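The chain contents come next:
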Amino acid sequence: MIRNDELEAILEKIDLKNDIPADEPMRQYYFIKKAREIVDLESQKAGHRLTADEETFGCQMNAKDSEKLIGILKNIGFEIIDSEEADLVFYNTCTVRDNANQRVYGRLGLIHSMKKKNPHKKVALCGCMMQEPSVIEKIKKSYSFVDLIFGTHNIYKFAELLVAMYSSDRMIIDIWKDTDKIVEDLPAERKYSFKSGVNIMYGCNNFCSYCIVPYVRGRERSRRPKDIIMEIEKLVSEGVIEVMLLGQNVNSYGRTLDEPMNFAQLLREVEKIDGLERIRFMTSHPKDLSDELIEVMKNSKKICRHLHLPLQSGSTRILKAMNRNYTKEQYLALAHKIRTAIPDISLTTDIIVGFPGETAADVDETIEVVKEVGYDNAFTFIYSKRTGTPAASMPNPTSDEEIKANFDRLLKVVQETARSRIGRLTGEIHSVLVEEENEHDPALVTGRMSNNTIVHFKGGKDLIGKIVNIKLTEACGFYYLGEMENFEN
Ligand code: 5AD
Ligand code: SF4
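Everything numeric here is computed off the predicted structure, so don't read it as measured data.

Parameters and conventions
- Residues numbered from 1 in each chain as written.
- Chains lettered and ligands numbered in written order.
- Predicted model: local features only at pLDDT ≥ 70, side-chain atom pairs only at ≥ 80, totals over all residues.
- Heavy atoms only, no water.
- Helix = DSSP H or I, 4+ residues; strand = E, 2+ residues; numbered from the N terminus.
- Rg over C-alpha atoms; globule rule 2.2 N^0.38 Å.
- Buried < 20%, exposed > 50% of the residue type's maximum accessible area, 1.4 Å probe, protein only.
- Contact = heavy atoms within 4.5 Å.
- Areas by Shrake-Rupley, 256 points an atom, 1.4 Å probe, with all protein chains shown as cover.
- Lys, Arg positive; Asp, Glu negative; His and termini not counted.
- Charge placed at Lys NZ, Arg CZ, Asp CG, Glu CD.
- 1 Å grid on protein atoms, 1.4 Å probe; cavity = no way out; pocket = protein on both sides within 12 Å on 5 of 7 lines; lining within 4 Å.
- Points joined across faces, edges and corners; volume = space filled by probe spheres on them.
- Nonpolar A, V, L, I, M, F, W, Y, C, P; charged D, E, K, R; others polar.
- Phe/Tyr/Trp six-rings, centres within 6.5 Å; stacked < 30°, edge-to-face > 60°.
- Lys NZ or Arg CZ within 6 Å of the ring centre and 35° of its normal.
- Near = heavy atom within 4 Å.
- Pairing = 2+ DSSP bridges.
- Axes fitted to C-alpha atoms, helices over the stretch in contact; angles between N-to-C directions.
- Polar contact = N/O pair within 3.5 Å; in protein donor to acceptor, adjacent residues only side chain to side chain.
- Disulfide = S-S within 2.5 Å.
- Core = buried A, V, L, I, M, F, W, Y, C linked by side-chain atoms within 4.5 Å.
- Arc of directions from axis to C-beta.

Turning our attention to the overall build of the protein chain. Summing up its helical and strand segments, the protein chain has 14 helices and 19 strands in all. Against the compact-globule benchmark of 23 Å for 489 residues, the protein chain has a radius of gyration of 24 Å, which places it among compact chains. For the protein chain, the C-alpha atoms occupy an extent of roughly 65 × 60 × 50 Å along the three principal directions. Buried residues in the protein chain amount to 56% of all 489 residues. Considering only residue pairs separated by 6 or more positions, the protein chain has 72% of its internal contacts joining residues 24 or more positions apart. Accessible surface, the protein chain: about 22,000 Å² in total, of which carbon and sulfur atoms supply 50%. Of the side-chain charges in the protein chain, 67 are positive and 75 negative, and the distance between the mean point of each set is 2 Å.

Given below as structure tokens:
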């Protein structure tokens, strides 16, 4: 990420009459300047400043990518609005389950009729779904009004792609199969002033047999520790007090670096940053979670008391078919080790129901693990077949009705467990980072405890971004109601 003043100083020196620079990020700075000219011109033609609307689907990685895309749009002169009536609508898509794809097609149908009324309207699509060749074929055939399509490897080229889009009437498609390039130092827009996601690695090498991520996000690449630390220091200097380190499998961080460093060592370095108060990370693969990491978490004053540890299934037979590389017993032993070392930690998880060949007996084993581990929250998904993954060609004799019944059975236990786990802290005082005004009641604000549980309490907007001590007065399912004690900072 680059500061505005730094970028302006660079842009001032660029002469658009010169050749387009070949190297990044200079090339993108050139196109940012060029795009500004185009947006100004188009705004004059339209009689108003061009507006843009983004819709993000999927995970934290996509949310982070969208911040980068919005940063570029704002920088080149778009006004960002929250309405699909905008002059430019872009969808940052997800394809981890088919329902995410279906939602995008639904939205495109709507946009088509809007575009008929306003032919200057532009539509751009990016993200994981666009990395699938079958999707591109479908869009070319059935949604030919789309103006720009790009994937997950070239989002840093957004300014260049927008220039191409405004200079052509044809659909611009730029999809890369993979990349070893990591281009940073571009403008980005942060959704919250006091907390931020920070990519520490891209891609995934695990090839869980149901998962499309390794195919659409490419091979694992870690960012250099120096770059990560510099980015966090910069964020902290701008008022950020909480960071979420992002990667598909943070526990394998560092394997692709020239000078090796593992995730636990990286966390030790991040911990040293003055002014940073809270560190979170996402996601941990159980097979790679080291004793060193547990030790670092245990001794840390800043790492939050929360670990998201996807289980996916509690049946060793299914875990093997999923290519998860751990057994039920190994997972349970790991959870036990973590809880023994850090008793106040909250564990959350992801579980898939309906993987090919999964029986009610397998789901019973998953339920057993849920009860034994005692998750504070679990995200449960019905298996979705993803073309091109190994699981897509596995036969599944289990009927949809049985899968639904298994899912409901699991969900009931998940909810009961979460409710009783969350309530355990009632009456205690905990520090809470205030994140926003309460959605339903403006007299309340909403914050997050170190263990990731949400708390609502009476307070003003001036508390947003501060860490305050809150007495947890009442547990209501997945969240608490509380009362403010004295300030911490
Ligand atoms: N079907 C259902 N759920 C899936 N996930 C990943 N791939 C699939 C799929 N094909 C879930 C996993 C993962 C979470 C992000 O999404 O549980 O941890
Ligand atoms: Fe998908 Fe497995 Fe990689 Fe997670 S670790 S992104 S589930 S392949």
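As a volume, the second largest pocket reaches approximately 730 Å³. As for the second largest pocket, its lining consists of 24 residues, of which Arg-223, Arg-224, Pro-225, Lys-226 and Asp-227 are closest to the centre. Within the residue set of the lining of the second largest pocket, elements represented by two or more residues are strand 9 (221-222) and helix 8 (225-237). Sort the elements by how many residues they give to the lining of the second largest pocket and helix 8 lands first, with seven residues. In the lining of the second largest pocket, the residues fall into eight nonpolar, two polar and 14 charged.

A few words now on the packing of aromatic side chains. Considering all chains together, one arrives at 13 aromatic pairs under this definition. Pairing Tyr-143 with Phe-145 gives two aromatic rings, centres 6.2 Å apart and planes at 70°, and the pair type is edge-to-face. The pair formed by Tyr-143 and Phe-145 is uniform in burial state, with each residue classed as buried. Among the aromatic side chains, those forming a connected cluster through ring pairs are Phe-90, Phe-150 and Phe-158. In this structure, Lys-138 packs its charged tip against the face of Tyr-105, placed 4.1 Å from the ring centre. Cation over ring: Lys-195 sits above Tyr-192, and NZ or CZ is 4.8 Å from the ring centre.

What follows concerns helix 6 (residues 158-166). Buried residues dominate helix 6, accounting for eight of its nine residues. Those residues of helix 6 that sit buried are Phe-158, Ala-159, Glu-160, Leu-161, Leu-162, Val-163, Met-165 and Tyr-166.

Taken together, Cys-204, Asn-206, Phe-207, Cys-208, Tyr-210, Cys-211, Val-213, Pro-214, Gln-248, His-285 and Arg-324 form the complete shell of residues around ligand 2. Residues belonging to the shell around ligand 2 are distributed by class as follows: seven nonpolar, three polar and one charged.

We now examine the side chain of Asp-65. Within the secondary structure, Asp-65 is located in helix 3 (residues 60-75). For Asp-65, a relative accessible area of 4% translates into the label buried.

Here the focus is the sheet that holds strand 13 (residues 346-353). Strand order in the open sheet formed by three strands is 12-13-14, and the pairing between neighbours is parallel. With partners counted over all chains shown, the strands left at the sheet margins are strand 12 (306-308) and strand 14 (377-382), one partner each. Adjacent strand axes in the sheet meet at a mean angle of 15° when their direction is disregarded. Here six bridges tie strand 13 to strand 14, and the two strands are oriented parallel to one another. Bridging from a neighbouring strand, Thr-349 pairs with Ala-378 of strand 14.

Attention shifts here to the site of ligand 1. In the neighbourhood of ligand 1, the contacting residues comprise Val-96, Arg-97, Tyr-210, Gln-312, Asp-350, Ile-352, Phe-381, Ile-382, Tyr-383, Ser-384 and Arg-386. Take Arg-97: an N or O atom from its side chain is 2.9 Å from an oxygen atom of ligand 1. Here Ser-384 contributes a backbone N or O atom positioned 2.8 Å from a nitrogen atom of ligand 1. Breaking the shell around ligand 1 down by element, the ones donating at least two residues are strand 13 and strand 14. When the residues that make up the shell around ligand 1 are grouped by side-chain class, the tally is six nonpolar, two polar and three charged.

Right, let's get into the sheet that holds strand 3 (residues 88-93). Strands sit in the order 2-1-3-4-5-6 across an open sheet of six strands; the sheet is parallel. Both outer strands of the open sheet, strand 2 (79-80) and strand 6 (172-174), are each paired with one neighbouring strand and no more. Pairing analysis gives six bridges linking strand 3 to strand 4 (residues 122-127), with the strands arranged parallel. Note on strand 4: the bridge partner recorded for Leu-88 is Lys-122.

Moving on to the state of the cysteines. Under the definition given, this model contains zero disulfides. Here Cys-126 is not disulfide-linked; the sulfur of Cys-128 is the nearest cysteine sulfur, at 9.3 Å.

Judged by nonpolar contacts, the single largest core of 69 residues is most densely connected at Ile-232, Leu-245 and Phe-263. If near-sequence neighbours (up to four positions away) are discounted, Phe-263 is found in contact with Ile-200, Leu-245, Val-250, Asn-251, Tyr-253, Phe-281 and Leu-293. Ile-38, Phe-90, Tyr-156 and Ile-172 belong to the second-largest nonpolar core, a separate cluster that totals 38 residues.

A few words now on the side chain of Lys-64. Considering the arrangement of structural elements, one finds Lys-64 in helix 3. A distance of 2.7 Å separates the side chain of Lys-64 from the backbone oxygen of Gly-197, its partner in a polar contact.

Right, let's get into the environment of Leu-425. Structurally, Leu-425 can be placed in the loop between helix 14 (400-422) and strand 15 (429-437). When the C-alpha atoms of Leu-425 and Gly-388 are compared, they prove to be 45 Å apart, with 37 residues separating the residues in sequence. Once residues within four sequence positions are removed from consideration, Leu-425 is found in contact with His-430, Met-449, Asn-451, Leu-472 and Tyr-480.

Those residues of helix 10 (residues 291-299) that sit buried are Leu-293, Ile-294, Val-296 and Met-297. Here the buried residues of helix 10 occupy an arc of 165° about the axis, which is enough to place them on one side. In this structure, the buried side of helix 10 is in contact with helix 9 (263-271), strand 11 (278-282), strand 12 and helix 12 (328-341).

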